[in-house]
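Below are the chains, spelled out letter by letter.
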There are 2 protein chains.
Amino acid sequence: MAQKPSIPKGTRDFSPEEVLRRNYIINTLRHNFELFGFQPIETPSFENSSTLMGKYGDEGDRLIFKILNSGDYLNKVSEKTYESKDSNALTSEISEKALRYDLTVPFARYVVQHQNEIEFPFKRYQIQPVWRADRPQKGRFREFFQCDADAVGSDSLLQEVAFVQLYDSVFTDLGLKGTLVKMNNRKILSGLAETIGAADKLIDFTVALDKLDKIGEEGVVKEMLTKGITEEAIERVKPIFNVNGSFAEKLSLLKELLVDSETGKQGIEELEYINTKIEALGLKTVALDLDVTLARGLNYYTGAIFEVSAPEGVKMGSIGGGGRYDDLTGIFGLKNMSGVGISFGLDRIYLVLEELGLFPEQAIKGTRLLFINFGENEALYCLKAVQSLRDAGITAELYPDAAKMKKQMSHADKRNIKFVVLAGTQEMEESVYTLKDMKSGEQQRVSIEGLIEALS
Amino acid sequence: MAQKPSIPKGTRDFSPEEVLRRNYIINTLRHNFELFGFQPIETPSFENSSTLMGKYGDEGDRLIFKILNSGDYLNKVSEKTYESKDSNALTSEISEKALRYDLTVPFARYVVQHQNEIEFPFKRYQIQPVWRADRPQKGRFREFFQCDADAVGSDSLLQEVAFVQLYDSVFTDLGLKGTLVKMNNRKILSGLAETIGAADKLIDFTVALDKLDKIGEEGVVKEMLTKGITEEAIERVKPIFNVNGSFAEKLSLLKELLVDSETGKQGIEELEYINTKIEALGLKTVALDLDVTLARGLNYYTGAIFEVSAPEGVKMGSIGGGGRYDDLTGIFGLKNMSGVGISFGLDRIYLVLEELGLFPEQAIKGTRLLFINFGENEALYCLKAVQSLRDAGITAELYPDAAKMKKQMSHADKRNIKFVVLAGTQEMEESVYTLKDMKSGEQQRVSIEGLIEALS
């Protein structure tokens, strides 16, 4: 009967310490989301397959986990399909539901389904797991949390301004200094492609450009040439490969380059608006930069594009990103609903905080005081103190058995419990408790009030 | 392309107000679990099918949601199985993973898998969704949260005492008065069956007894007779149908009845121990009672059985329950690991708090202050105040567009935002903000500090 227990590849068990640390990040996100007026929603873990399929491209469709229909599911399969023995064809007849692949499509579905109950503009946040049948590898899991904040029903650029401030507020609260919010705008990328006569090659152009920090200028030029972008065109765009200086200086360069592109100029205007507001309001921790090579999910975004880099020196890709998409809910029949949103990469932020030792001690504090159990009467005496401590909000426990002293002390030690209480007949007679600091070994005799004071 | 969006039956979208209220309950649980020394763990949403199948009986197996293998899954199916066109047989060849059905089996799996990292006794809590392919009906969902606290690796009855205190602490914090924690013990049920010579009919006996409050004494007697329990035996057990009085008085009656059963006497002793400790320590809100008809998942529990009833007058089944099971991890090969645990019914507690109007206002408070947007300059002026308010922990927003005043006021109204700020040229000149109470209509001109003070 005994099975060697394991979990599916790409999934994780989280230990108490990990859960407490993850919750520390999640609580910081929640607090800031709510402070900025975002309201939480939650959607089901599985959606009707028709809601998800076709929304993420062919590759996405393949990576969606499908749920088998219950009961005698083969009963409903047509003979023709069954005989074809084609997995794809069979799937649609034996599976009607699928696990959430991201939070954006379910959010769009939610907005359309509940449009009559929602007061727009609607700012929502959502922190829930998603599932992808990706090949698991270091840092890539089949189940992971997404933490998204989006605003729909407003095309005001003040939303973008607020998102930069939100990043700033969260990373400040997490004590994470040196993060960089990079911004770009789809209209600038379109303008550049248009200006060099490669408007029809926008995707190829931006995909190549996006690789600048990985493959260098030479590599980018090579890839563009391969894709049929002319040498002359590339020459015109070369200034952006080495653009330096402040946000405003980069904008100046772009203004020269994009002087003939209406779209490009609009992109510049939008970025200028956002940067001016942020400069007037100030940021606490985060730096804002313009990165003209930034593309991310280009097909998706129609305006602003955001990406956050971890502090220099920490080897980690982006720890957040987002952008504006002018037609979020069109796929579900609600047109002209502009949305803009950002997400926070929980797993990566976790690794960065861990690497930099930034988890505060109180984020992972468990039980702080263990009462040693010397037997029936002593246990009851201790339980009364335990109760008073809990009433005062202090986590305390009594060891459940009158086990050997050594075993109980070792239990406290292994669980990193800082204090133990030793209370025997003598203490009971005097209505005191002997409090011992596990680290220093120091002991003192105190009343219940003294215990509360010592641990507060 | 447009689809009418919907969600699978038995699942739910949660609106902002619902999420905030659910989180209020969950945070109260978390806080108390941690106060009592329980540590959080999280396990994957899906487990290997072999971990779950066969653990919940045939009916359970049917209700487990299976996940279809990815890719060309039919490739691995044997010809023989495929030809049989038998759903059950095919499932095991096209599905290797299944969604979590409860939190207990994954916890047992976790304990065995991580036994070398865990310091025992191990007290864990876990708050995560589970999925069941049950027929959806009022109050029964296909996706719902379980909130469990369990202690493994200790057979001390002080664990049971702590669980009664934990129920008391949680319901006190939730402001829910009048809940009743009913206790029983499997050994008492065994003792009764033994005493009346129906030890071989323990399940039939307890299943019938468990229905006392639904079908009455007559119904129970009838069912017992049907199951082959003799009239004489039933006569001997009849006193327990109408047992009244205090916990201790009920124990006295049982002592008489079970005088010849060693098992029964042990059950009495255990309950007496727990009751004595609880009487010495006192409870704040919860009442503790002995309910000799309480059976719950009898096959599962080996000692204490808990169940919590909502306050009288609220029509709701149990809002929590649990018990002791002497061999939690045996199914995964780790023997003699006693466990005892309780769970809280999140959905039902939600309904009870809602019915009794017990959700505190601050549990659902969203944005408290909306700045009306009169245009570019005014917006920036307001954003500076918004930032100061957020720094002070006050949720404030600026309406993103300079829309018509009426529209903006209506937005504040629909979102139940209590205050708006009106700040035009005059306010800017004087460095003040006009704060308006949406309910009373009262207005006052205040500085940023004044805003913070008014909203603190």
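Conventions used here
Residues numbered from 1 in each chain as written. Chains lettered and ligands numbered in written order. Predicted model: local features only at pLDDT ≥ 70, side-chain atom pairs only at ≥ 80, totals over all residues. Heavy atoms only, no water. UniProt positions renumbered as here; feature names shortened; annotations may be inferred. Least-squares fit on C-alpha atoms with pLDDT ≥ 70 in both. Contact = heavy atoms within 4.5 Å. Axes fitted to C-alpha atoms, helices over the stretch in contact; angles between N-to-C directions. Helix = DSSP H or I, 4+ residues; strand = E, 2+ residues; numbered from the N terminus. Parallel < 35°, antiparallel > 145°, perpendicular 65-115°, else oblique. Left-handed = near helix turned anticlockwise from the far one by under 90°. Pairing = 2+ DSSP bridges. Buried < 20%, exposed > 50% of the residue type's maximum accessible area, 1.4 Å probe, protein only. Buried area = accessible area lost by both parts, 1.4 Å probe. Salt bridge = Lys/Arg side-chain N within 4 Å of Asp/Glu carboxyl O. Polar contact = N/O pair within 3.5 Å; in protein donor to acceptor, adjacent residues only side chain to side chain. Nonpolar A, V, L, I, M, F, W, Y, C, P; charged D, E, K, R; others polar. Phe/Tyr/Trp six-rings, centres within 6.5 Å; stacked < 30°, edge-to-face > 60°. Lys NZ or Arg CZ within 6 Å of the ring centre and 35° of its normal. Arc of directions from axis to C-beta.

As annotated in an unreviewed UniProt entry, chain A carries the name Histidine--tRNA ligase and comes from Leeuwenhoekiella aestuarii. Recorded under Sequence similarities (unreviewed entry), the UniProt text for chain A is reproduced unchanged: "Belongs to the class-II aminoacyl-tRNA synthetase family." According to UniProt, the comment filed for chain A under the heading Subcellular location (unreviewed entry) is "Cytoplasm".

Asks: Sorry, what's going on with the relation of the copies chain B and chain A here?
Replies: Applying a rotation about an axis and a shift along it to one chain copy brings it onto the other copy. With an RMSD of 0.1 Å, the fit of chain B onto chain A corresponds to turning through 180° and sliding 0.0 Å along the axis. The transformation relating the two chain copies, once decomposed into turn and shift, fits a two-fold axis. When C-alpha distances to the rotation axis are compared across chain B, the minimum falls at B:Ile67, with a value of 2.2 Å. Most of the interface of chain B is mirrored in chain A: 100% of its interface residues are interface residues there too.

Asks: Explanation requested: the packing of helix H12 (residues 247-257) of chain B against helix H13 (residues 262-281) of chain B in the structure shown.
Replies: Two quantities define a packed helix pair, namely the angle between the axes and the distance from one axis to the other. Residue and element names in this part refer to chain B. As a packed pair, H12 and H13 sit with axes 11 Å apart at the nearest point and diverge in direction by 165°. It follows that H12 is roughly antiparallel to H13 by the angle criterion. For the crossing formed where H12 meets H13, the hand is left-handed. Contacts between H12 and H13 involve Phe247, Ala248, Leu251, Leu254 and Lys255 from the first element and Ile268, Leu271, Glu272 and Asn275 from the second.

Asks: Looking at this structure, how should I read the sheet that holds strand E1 (residues 39-40) of chain B?
Replies: All names here are of chain B. Spatially, 8 strands are ordered E1-E5-E6-E11-E10-E9-E7-E8 in an open sheet, and the strand pairing comes out mixed. Here the strands that pair on one side only, and so sit at the sheet edges, are E1 and strand E8 (287-290). The pairing of strand E6 (residues 143-152) with strand E11 (residues 339-344) spans 6 bridges and is classified as antiparallel. Among the inter-strand pairings, Asp148 is bridged to a residue of E11, identified as Ser343. This element, helix H14 (residues 346-355), spans E6, strand E10 (318-325) and E11 of the sheet and lies at about 145° to E10.

Asks: Just to check I follow, could you spell out the sheet that holds strand E13 (residues 396-398) of chain B for this structure?
Replies: Through backbone hydrogen bonds, the strands of a sheet pair up, either in parallel or in antiparallel fashion. Residue and element names in this part refer to chain B. Strand order in the open sheet made by the 5 strands is E13-E12-E14-E15-E16, with mixed pairing throughout. Of all the strands in the sheet, the pair left with one neighbour each is E13 and strand E16 (443-446). Sheet twist, expressed as the average angle between the axes of neighbouring strands with direction ignored, equals 25°. Relative to E16, strand E15 (residues 433-437) is paired through 4 bridges, and the arrangement is antiparallel.

Asks: Can you walk me through unusual backbone geometry in this structure?
Replies: Trans is the prevailing form of peptide bonds, just as negative phi is the prevailing case for residues other than glycine. Residue and element names in this part refer to chain A. In this model, Phe120 is joined to Pro121 through a cis peptide bond whose omega is -10°. Relative to the helices and strands, Pro121 resides in the loop between helix H6 (104-113) and strand E5 (122-131). For Asn416, which is not glycine, the phi dihedral falls at a positive 55°. Structurally, the position occupied by Asn416 is in the loop between helix H16 (405-414) and strand E14 (419-422). On the accessibility criterion, Asn416 (63% relative accessible area) is exposed.

Asks: Where do I start with the environment of A:Gln137 in this structure?
Replies: Tracing the chain through its elements places A:Gln137 in the loop between E5 and strand E6 (143-152). For A:Gln137 and A:Thr179, which are 42 residues apart along the polypeptide, the C-alpha to C-alpha distance reads 25 Å.

Asks: Just checking my understanding: could you explain the interface of chain B and chain A for this structure?
Replies: Where interface size is given, it is often the accessible area lost as the parts come together that is meant. Each partner contributes to the interface: chain B provides 105 residues, whereas chain A provides 105 residues. Summing both partners gives a buried area of about 9200 Å² for chain B against chain A, and 56% of it is carried by carbon and sulfur. For the pair chain B and chain A, the interface holds 10 salt bridges. As a salt-bridge pair, A:Glu397 and B:Lys123 come within 3.0 Å of each other at their nearest N and O atoms. The interface formed by chain B and chain A contains 42 residue pairs in polar contact (both at pLDDT 80 or more). In terms of residues, the side of chain B that touches chain A owes the most to one element, helix H15 (residues 376-391) of chain B, which gives 8 residues. Taken together, the residues of the side of chain B that touches chain A break down into 46 nonpolar, 31 polar and 28 charged.

Asks: It is not clear to me how the packing of aromatic side chains should be interpreted in this structure. Could you clarify?
Replies: Aromatic ring pairs are described here by two measures, namely the spacing of the ring centres and the angle between the planes. Enumeration according to the criterion identifies 33 aromatic pairs over all chains in this entry. Relative to A:Phe344, the ring of A:Phe171 lies with its centre 5.8 Å away and its plane at 55°, an arrangement referred to as tilted. With a gap of 173 residues between them, A:Phe171 in helix H7 (residues 158-173) and A:Phe344 in strand E11 (residues 339-344) connect regions that are remote in the sequence. For the pair shown, A:Phe171 and A:Phe344 are each scored as buried. Grouped by ring-pair contacts, the aromatic residues A:Phe33, A:Phe38, A:Tyr125, A:Phe163, A:Tyr167, A:Phe171, A:Phe306 and A:Phe344 constitute a single cluster. Of note, A:Lys277 hangs over the ring of A:Tyr273, and the distance from its end group to the ring centre comes to 4.2 Å. The ring of A:Tyr82 has B:Lys85 sitting right over it, with the charged end atom 4.9 Å from the ring centre.

Asks: So what exactly am I meant to see when it comes to the pattern of salt bridges here?
Replies: Pairs may arise between side chains of opposite charge once their charged atoms sit close together. Across all of its chains, the model carries 52 salt bridges over all chains by this definition. Across the pair B:Arg109 and A:Asp13 runs a salt bridge, and its minimum N-O distance is 2.6 Å. Taken together, the positions of B:Arg109 in helix H6 (residues 104-113) and A:Asp13 in the segment before helix H1 (16-35) put the pair across two chains. A:Asp13 shares its class with B:Arg109; the two are buried. What emerges from the salt-bridge pattern is a single network uniting A:Arg12, A:Arg22 and A:Asp347.

Asks: Quick question: what am I supposed to make of the side chain of A:Thr28 here?
Replies: All names here are of chain A. Positionally, Thr28 belongs in helix H1. Given the relative accessible area of 11%, Thr28 is considered buried. Non-local contacts of Thr28, meaning those with residues more than four positions away in its chain, are made with Val170, Asp173 and Leu174.

Asks: In this structure, what is going on with the side chain of A:Asp148? I would like to understand it.
Replies: Tracing the sequence through the fold places A:Asp148 in strand E6. Residues contacting A:Asp148, with those up to four places away along its chain left out, are A:Phe33, A:Leu103, A:Thr104, A:Arg124, A:Tyr125, A:Gln126, A:Ile342 and A:Ser343.

Asks: Can you help me understand the environment of B:Glu312 in this one?
Replies: Structurally, B:Glu312 is set in the loop between strand E9 (304-309) and E10. Along the primary structure B:Glu312 and B:Gln128 are separated by 184 residues, whereas in three dimensions their C-alpha atoms are 29 Å apart.

Asks: Please explain helix H18 (residues 448-455) of chain B as it appears in this structure.
Replies: Helical periodicity: at 3.6 residues per turn, an α-helix aligns residues three or four positions apart in one direction. All names here are of chain B. Of all the positions in H18, only Gly450, Leu451 and Leu455 are classed as buried. With its buried residues spanning 120° around the axis, H18 presents them on a single face. More than 90 degrees from the buried face of H18, the exposed residues found are Glu449 and Glu453. In this structure, the buried residues of H18 make contact with strand E12 (369-371), H15, strand E14 (419-422), E15 and E16.

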